[in-house]
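Listed below, chain by chain, are the residues.
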Amino acid sequence: MKLFTPKNLRNVATWHKGIFMKRLCDISDISMGATSAPDGDEARYLRLANVVEGQIVGDAVEGGSPVKGFDSQLRIDDILVRGRGPDLSAAMVGEQHVDAYPTVELFVIRVDRDVAEPAYVVAYINQPHIQANLAQGAQGTGFVRLNRPTLADLEIPLPPMIEQRMIGSLALEARQELTILQEIMERRKRLHSELLHRAMAKARAEDGNPQHGRITGLNDAQTSSDLLSAHTESTP
């Protein structure tokens, strides 16, 4: 029995080097973010600045109820893709940001879990050569803007699900390890800065106080005062 025929593969997927390929729009729903009302704090929003180099950072900000894109409210394992560059990376939504809304500068990808693993899709999009391809197909020269057709037409190889999960898991572990290392480096930087500040403060404090064993010269103010006092006492 033939699993795939030219008819059901046409305009949907291709077979490339033994790996099943599909366009991103064929394995997921892709939508833009929401537009909030000018006033109010009924909803939370993730902005472009919250998605940085493949991870979601910071907290969502409060805003008015969405007046457009209200169906983009985030679910666990949704994927956010930056719509403006040069960073066009993807990040997966965790529990912290569930029910928030992305702004219109972000794309929301909701993957069909029967055919693709979200973590694998994120790992694929964040590869340097894929980022370069997206930037090349984006609009603008000075400041690239990713358009939906370019993102939708991105072809993704789909190995068996067990391999997708393994690749996605490795990518997540690498991201978590990098985050931990960055946090350690930042803490070490703050520690060194604090130690340097304390050392400089101590040096300034000691410089302003008399020190034991200090050798003074004739131009020293205290030495001159002492000499003057001694001369006065010795004079009849």
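This section reports on the structure supplied with the text. These numbers come from a predicted model, not from an experiment.

As for the pattern of salt bridges
Between side chains of opposite charge, a pair can form as their charged atoms come close.
Thinking step 1. All told, the structure shown has nine salt bridges when counted by the stated rule.
Thinking step 2. One salt bridge in this structure joins aspartate 153 and arginine 23, with 3.2 Å as the shortest N-O distance. One end of the pair, aspartate 153, is in the loop between α5 (148-152) and β14 (155-158); the other, arginine 23, is in strand β2 (residues 19-23), with 130 residues separating them in the sequence.
Thinking step 3. Since its relative accessible area comes to 27%, arginine 23 is described here as partly exposed.

Brief notes about the environment of methionine 32
Thinking step 1. The topology assignment puts methionine 32 in strand β3 (residues 28-32).
Thinking step 2. Between the alpha carbons of methionine 32 and valine 81 there is a distance of 9.7 Å; along the sequence they are 49 residues apart.
Thinking step 3. Setting aside its immediate chain neighbours within four residues, methionine 32 contacts Ser72, Val104, Leu106 and Phe107.

Side note on the pairing of strand β13 (residues 106-111)
Thinking step 1. Most of β13 is tucked away: five of the six residues are buried.
Thinking step 2. Pairing analysis gives four bridges linking strand β10 (residues 79-82) to β13, with the strands arranged antiparallel. When the bridges of β13 are listed, isoleucine 79 appears paired with isoleucine 109.

About the thresholds
- Residues numbered from 1 in each chain as written.
- Predicted model: local features only at pLDDT ≥ 70, side-chain atom pairs only at ≥ 80, totals over all residues.
- Heavy atoms only, no water.
- Salt bridge = Lys/Arg side-chain N within 4 Å of Asp/Glu carboxyl O.
- Helix = DSSP H or I, 4+ residues; strand = E, 2+ residues; numbered from the N terminus.
- Buried < 20%, exposed > 50% of the residue type's maximum accessible area, 1.4 Å probe, protein only.
- Contact = heavy atoms within 4.5 Å.
- Pairing = 2+ DSSP bridges.

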